[in-house]
Amino acid sequence: MFKYTMVMVLALSVTLAGRAESTKDFGDHLPYEFGETVHGFQDDFSGGLSGDWQWVSQSGRANPFSMATLADGTPEGRSVLQHTGSVGIDNNHLLYMPSVDYSSTTGAQEVLMRLQVTSLTGYGSNNVYGGAAVAVNPDTSAGVDLHIIKFLANPNTSAQRFRVGIGSNLDGGRLESQWTLGSWYWLRLIYDADTDKVYAKAWLSGTEEPGWDRDGVVYTSLGYTGMTGWAGISANSSGNITFNVDYFLVKAEGLPDITVGDFGSIPEPATMSLLALGGLALLRRR
Ligand SMILES: [Ca+2]
């Protein structure tokens with residue numbers, strides 16, 4: 001019994017040595033809801049990928065997402081969800097699908113995401129993209145996407161832009177801003193099932209969030225009404241793109257209360273040593 005308990009204490013100290021990220025790692029001018037309590041779920045990807053994230057591919061293709069740690073000057077590296085390559089066909093997402101069903105609720109479903117693209121290769125004449133998604137049907141993996149995209153198919157739009165659409169072909173609107181390799185961006189995408197409107201914007205991380213009047217796209221969905229489904233992250237169809245997702249937040253009725261940007265009180269390493277010693281001291285007194 002004594003040995004068993006001591007093993008438990010040591011195992012606990014190892015488990016807690018993992019580091020949640022700090023909002024400092026996200027730069028200046030955090031999005032407005034940081035510090036607020038919302039109905040939602042957030043992931044900084046510092047604790048691995050939970051089983052509530054599910055790969056949903058319309059054609060049963062392989063999952064291009066994996067966990068990675070970027071050595072970018074943050075204290076212990078930046079934990080990200082990394083997309084590499086492509087799926088080879090449209091409509092594929094990594095969706096947040098917990099046991100709590102927020103997919104069919106009325107009202108708005110919203111995703112806020114911090115993302116960077118680090119490489120684009122082998123795309124030929126295809127558009128290359130990835131990004132945020134809401135109201136994704138798990139049977140078809142089709143939903144409303146806010147893509148960070150490099151247009152190749154249309155010579156008039158051979159640029160690096162943000163685009164709202166349903167899948168890769170239904171082009172619902174483009175944001176004015178362009179993006180560059182290696183820079184971090186915030187993406188915000190909202191689908192309001194009550195009004196059937198989509199709102200989308202993207203801006204450079206470290207700068208103030210723009211108002212809806214300047215860079216926002218607002219439109220009624222393209223013949224699709226009453227969409228329901230799950231929120232998540234869009235995967236690329238053709239060519240190769242490497243992009244990193246540093247932070248993901250979904251807000252929807254039905255999800256539990258969370259404080260945005262509070263990743264839990266994981267003790268600092270020094271505190272952990274004291275806790276472990278305290279545990280051992282307790283054992284010795286038995
Ligand atoms: Ca992260």
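Residues numbered from 1 in each chain as written. Predicted model: local features only at pLDDT ≥ 70, side-chain atom pairs only at ≥ 80, totals over all residues.

**A closer look at the overall build of the protein chain**
Helices and strands together make up the secondary structure of the protein chain, namely three helices and 16 strands. Expressed as a percentage of its 286 residues, the buried residues of the protein chain come to 36%. Sequence separation of 24 or more characterises 73% of the internal contacts of the protein chain that already satisfy a separation of 6 or more. (Helix = DSSP H or I, 4+ residues; strand = E, 2+ residues; numbered from the N terminus. Buried ≥ 20, exposed ≤ 12 C-beta atoms within 10 Å, placed from the backbone. Contact = placed C-beta atoms within 7 Å.)

**Description of the nonpolar core**
Core analysis: the biggest nonpolar cluster contains 62 residues, and Val-111, Met-113, Leu-187 and Leu-189 have the highest contact counts within it. Non-local contacts of Leu-187, meaning those with residues more than four positions away in its chain, are made with Met-113, Leu-115, Gly-131, Ala-132, Leu-146 and Ala-202. (Core = buried A, V, L, I, M, F, W, Y, C linked by C-beta atoms within 7 Å.)

**Observations regarding the pairing of strand β8 (residues 142–150)**
With respect to burial, β8 is a largely interior element, nine of its nine residues being buried. Bridge count between strand β7 (residues 128–137) and β8: eight bridges; the pairing is antiparallel. Pairing of Ala-132 across the sheet is with Leu-146, part of β8. (Pairing = 2+ DSSP bridges.)

**Remarks on the environment of Ala-133**
Relative to the assigned elements, Ala-133 resides in strand β7. Taking C-alpha positions, Ala-133 is 9.8 Å from Gln-109, a pair spaced 24 residues apart along the chain. Discounting residues that sit within four places of it in the chain, Ala-133 has contacts with His-93, Gly-143, Val-144, Asp-145, Ala-231, Gly-232, Ile-233 and Ser-234.

**As for unusual backbone geometry**
At Ala-135, a residue that is not glycine, the phi angle is positive and equals roughly 50 degrees. Relative to the helices and strands, Ala-135 resides in strand β7. For Ala-135, a count of 25 C-beta atoms within 10 Å corresponds to the buried category. One non-glycine residue, Ser-141, lies in the positive phi region at around 55 degrees. A count of 26 C-beta atoms within 10 Å places Ser-141 in the buried class.

**Considerations on the environment of Ala-252**
Its location among the elements puts Ala-252 in strand β15 (residues 240–252). Assessed through the 25 C-beta atoms surrounding it within 10 Å, Ala-252 is described here as buried. Taking the C-alpha atoms as reference, Ala-252 lies 6.4 Å from Ala-108; in sequence the two are 144 residues apart. Those residues in contact with Ala-252, other than ones at most four positions away along the chain, are His-39, Gly-40, Tyr-102, Thr-105 and Gln-109.

**Digging into the environment of Ala-132**
In this fold, Ala-132 is placed in strand β7. The spacing of Ala-132 and His-93 is 39 residues in sequence and 9.1 Å in space, taken between C-alpha atoms. Ala-132 has contacts with Val-111, Met-113, Leu-146, Leu-187, Leu-189, Ile-233 and Ser-234, leaving out every residue within four places of it along the chain.

**Things to note about the confidence of the model for the protein chain**
Per-chain confidence: the protein chain averages 83 in pLDDT, with 81% of residues scoring 70 or above. The model gives residues 266–286 a pLDDT under 50, and that stretch makes 22 contacts with residues more than four places away or in other chains. (pLDDT = per-residue confidence, 0-100.)

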